[in-house]
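# What the coordinates show
As a plain string of letters, each chain reads:
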Amino acid sequence: MRIGTLGAGNMADALATQWARAGHDVCVGARDPGRAARLARRIGGSAGDLREAAEFGTDAVLLALPYAAVTEVVAGLEEPLRGRVLIDCVNPVGPGFVLRTAGGPSAAERVAAAAPGARVVKAFNLCHEDVWRLTPPVFSGRPLAVPLCGDDAQALDVVRRLVRDLGCEPLDAGGTARAGLLEATAALLIGLWVGEGADAQAIAPPREFAGER
């Protein structure tokens, strides 16, 4: 696949590194050309500005920028993002682990509104970048599951493949309208992990004890 990244920070680094290892062609895009070039050189990809990365990503584009910048950046790239699979891993979580989009719309919905021609899939937002660097992310013999929210069937198929390339298992979590639930889950888990030092995984019982609803 040809994958572009909008951003050259830790999440872009972790995911792009794994996808490059899986044999995909990656173009790292950033406002800082030096930072993009350093990451591209390390993973064996190419580098450019944000527009060039969006144009390069004919199969998928990863949106990995701070939440405060995403709608402005995406709106400025509306044309090159038209028809693209846009993977949104952004978490709108502020100081005190507060969800900045409480009451809606979600960050994913705002991204979709800013670039209405893009096919947005929410994914990869529940884990710290260090988890995505594991090869593979398997815990007690169980591969990490990655929930996906999106409305376009073909786009979801693309992201499922990229999830499996990490050694993870994709989970269908509903359409874009449910992406806010993933973002709220991230705010809750980050608050427990980082704020409380808790084992947040312990809040969910094994499936056989979940019961029928």
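Here is what the cut-offs are and how they apply
- Residues numbered from 1 in each chain as written.
- Predicted model: local features only at pLDDT ≥ 70, side-chain atom pairs only at ≥ 80, totals over all residues.
- Heavy atoms only, no water.
- Buried < 20%, exposed > 50% of the residue type's maximum accessible area, 1.4 Å probe, protein only.
- Helix = DSSP H or I, 4+ residues; strand = E, 2+ residues; numbered from the N terminus.
- Pairing = 2+ DSSP bridges.
- Right-handed = clockwise from strand over helix to strand, strands pointing away.
- Salt bridge = Lys/Arg side-chain N within 4 Å of Asp/Glu carboxyl O.
- Axes fitted to C-alpha atoms, helices over the stretch in contact; angles between N-to-C directions.
- Parallel < 35°, antiparallel > 145°, perpendicular 65-115°, else oblique.
- Left-handed = near helix turned anticlockwise from the far one by under 90°.
- Contact = heavy atoms within 4.5 Å.
- Nonpolar A, V, L, I, M, F, W, Y, C, P; charged D, E, K, R; others polar.

So, about the pairing of strand 2 (residues 25–29). The buried count for strand 2 comes to 4 of 5 residues, which makes it a mostly enclosed element. As defined by bridge partners, strand 1 (residues 2–6) adjoins strand 2 across 5 bridges and the pair is classed as parallel. Its bridge partner being in strand 2, L6 is matched across the sheet by G29. In the classification by handedness, the crossover that spans strand 1, the intervening helix 1 (residues 10–21) and the parallel strand 2 is right-handed. With 3 bridges joining them, strand 2 and strand 3 (residues 46–48) adopt parallel strand pairing.

All chains considered together, the criterion is met by 10 salt bridges. Its salt-bridge partner being D152, residue R119 comes within 3.3 Å of it at the nearest N-O pair. Here the residue R119 occupies a position in strand 8 (residues 119–122), and D152 occupies one in the loop between strand 11 (145–150) and helix 7 (153–165), the gap between them amounting to 33 residues. Look at R119 and you get partly exposed, because its relative accessible area is 21%.

On to the packing of helix 1 against helix 2 (residues 33–43). Contact geometry for helix 1 and helix 2: axes closest at 10 Å, N-to-C directions at 30°. As judged from the angle between their axes, helix 1 and helix 2 are roughly parallel. When you trace helix 1 past helix 2, the crossing you get is right-handed. Between helix 1 and helix 2, the residues in contact are A12, D13, A16, T17 and A20 and L39, R42 and I43, respectively. Looking at the contact of helix 1 with helix 2 residue by residue, the class counts come to 5 nonpolar, 1 polar and 2 charged.

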